Amino acid sequence: MASLSSCLASMARLSLAAPARPLLLGSATSASTIPKFLLPAAAATTTWHQVRHASGGGGMRKRVKKKKAHKTFRTYDLSQMQQFSLCDAMRYLRAFEVGRPPAVVKYELHVKLKSTKSGPVIRDRVRLPFPVKTDTRIGVICPEDSPLMIEAQQLGAVAVGQESLFESIRQGNIPFNKLICHVDSHQALLKAGLGKILGPKGLMPSQKTKTVTNDLKGTVQELIGADEFRERNGVVRIAVGQLGFTPQMLSDNIKAFMTLLKEDIDKVDDNYLKELDEVVLSSTNGPGFSLNGLFPPTDDKITPEDLQSVM
């Protein structure tokens, strides 16, 4: 049995030995010395200061929410694309429409925009110098047997009334392609629940399209010869001429439309992207030709006068 002095000497040597260095959490040595069931708790106590709090104070870092970027419609590099003057595009499109009735075939303008998908859309109405649609038929919603009804009939409306007109629409009898509602009948129109019928046809009167009015005469005169346009998926489309239009007539219509479109773009909030990207001219049965903004033909043997007669 060891003596008391030897036991005290061994205890003294242990007290004078250098203390062991603390083991790093996660090291190979710690895995062998610390029980596994204690590791999760140890990790939680050593990493609490790294947790970020959204509304914490006292020196804790706040979580900063990144601003989500708006997605835009796809655009392409036009620098290598072949583009055409107005007369050249008309010349090729007329070749595609040979033998077709001039009043039936339409020149159509497609304006591609650099636009955000979640942003506001362009929507307006334009009166072109040379009207394209000559078959405008207007219906007017106004109180029955009122002076407004007589006024609408005198203005040439093909359908007039309130409840009688509502019932005609429900039965599918829609002889008009433009519909106006007087402000006195607006509430009755909303209660009639005709949005599912008129909405898909683009005929539902609204304040936004200026078809809910208290000035029937002024609105009817504005609609006759006026064309509505709206941006869809970053593109604005509108008919700008008939096949029998001369290059100068088509040019005047395009200039009038583009002037109004640029004004509408300037009104859009600066937080949303809305810029002109590409202008394409097509026809009812023909392909699209990207325009370069020039007017005369590139072929010296062709003049704008050669494109004035119907092929």
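Worth saying up front: this structure is predicted, and the values here are computed from it rather than measured.

Rules behind the numbers
Residues numbered from 1 in each chain as written. Predicted model: local features only at pLDDT ≥ 70, side-chain atom pairs only at ≥ 80, totals over all residues. Heavy atoms only, no water. Helix = DSSP H or I, 4+ residues; strand = E, 2+ residues; numbered from the N terminus. Contact = heavy atoms within 4.5 Å. Areas by Shrake-Rupley, 256 points an atom, 1.4 Å probe, with all protein chains shown as cover. Salt bridge = Lys/Arg side-chain N within 4 Å of Asp/Glu carboxyl O. Buried < 20%, exposed > 50% of the residue type's maximum accessible area, 1.4 Å probe, protein only. Expected span 1.5 Å × (residues − 1). pLDDT = per-residue confidence, 0-100. Pairing = 2+ DSSP bridges. Axes fitted to C-alpha atoms, helices over the stretch in contact; angles between N-to-C directions.

Trainee: Go over the overall build of the protein chain with me, naming the residues and quoting the values.
Mentor: Check the secondary structure of the protein chain and you find 10 helices and 10 strands. The long-range share in the protein chain, meaning contacts at least 24 apart out of those at least 6 apart in sequence, stands at 75%. With an accessible surface of roughly 19800 Å², the protein chain has 55% of that area assigned to carbon and sulfur atoms.

Trainee: Go over the pattern of salt bridges, please, and point to the residues and values.
Mentor: Evaluated as defined, the whole model comprises 6 salt bridges. With its nearest N and O atoms 2.9 Å apart, the salt bridge here joins Glu231 to Lys274. Of the two residues, Glu231 sits in strand S7 (residues 226-232) while Lys274 sits in strand S9 (residues 274-283), which places them 43 residues apart along the sequence. Judged by relative accessible area, which is 4%, Glu231 ranks as buried. What makes Lys274 buried here is its relative accessible area of 7%. Through salt bridges with shared partners, a single network forms among Arg125, Glu222 and Glu228.

Trainee: Residue-level account of helix H10 (residues 247-266), with values.
Mentor: For H10, which comprises 20 residues, the first-to-last C-alpha distance of 28 Å matches the rise-based estimate of 28 Å (1.5 Å per residue) to within 8%. Those residues of H10 that fall on the buried side of the exposure criterion are Pro247, Leu250, Ser251, Asn253, Ile254, Phe257, Met258, Leu260, Leu261, Asp264 and Ile265. Contacts from the buried residues of H10 go to helix H4 (86-96), strand S1 (106-115), strand S2 (123-127), S7, strand S8 (235-242) and S9.

Trainee: Before we move on, can you summarise the confidence of the model for the protein chain with the specific residues and values?
Mentor: Residues shown with low pLDDT carry predicted positions that ought not to be read at fine detail. On average, residues of the protein chain score 81 in pLDDT, and 77% of them reach the 70 mark or higher. The element-level mean pLDDT for the protein chain is lowest in helix H3 (residues 39-46), coming to 46, with strand S10 (residues 289-290) highest at 96. Confidence over residues 24-32 falls short of pLDDT 50; this stretch has 8 contacts with residues more than four positions distant or in other chains. Scored below 50 in pLDDT, residues 37-51 makes 5 contacts in the model with residues more than four places away or belonging to other chains.

Trainee: Requested: an account of the side chain of Thr246, with residues and values cited.
Mentor: You can see Thr246 is positioned in the loop between S8 and H10. Assessed through its relative accessible area of 17%, Thr246 is described here as buried.

Trainee: Requested: an account of the environment of Asp124, with residues and values cited.
Mentor: If you trace the backbone, Asp124 turns up in strand S2. Each C-alpha atom, one on Asp124 and one on Leu260, is 8.7 Å from the other, the two residues being 136 residues apart in sequence. Excluding anything up to four places from it in sequence, Asp124 contacts Asp227, Glu228, Phe229, Leu260 and Asp264.

Trainee: Help me get a handle on the sheet that holds S7, residues and values and all.
Mentor: Strand order in the open sheet made by the 6 strands is S2-S7-S8-S1-S9-S10, with antiparallel pairing throughout. Strand pairing shows two members of the sheet lacking a second neighbour, S2 and S10, which therefore form its edges. Alignment of S2 against S7, held across 5 bridges, turns out to be antiparallel. Residue pairing in the sheet places Arg127 in a bridge with Ala226 of S7. Against the sheet, H4 makes contact with S1, S9 and S10, and its axis sits at roughly 40 degrees relative to S9, the strand it touches most. Across the sheet, helix H9 (residues 216-223) touches S2 and S7, and the angle it forms with S2 is around 80 degrees.

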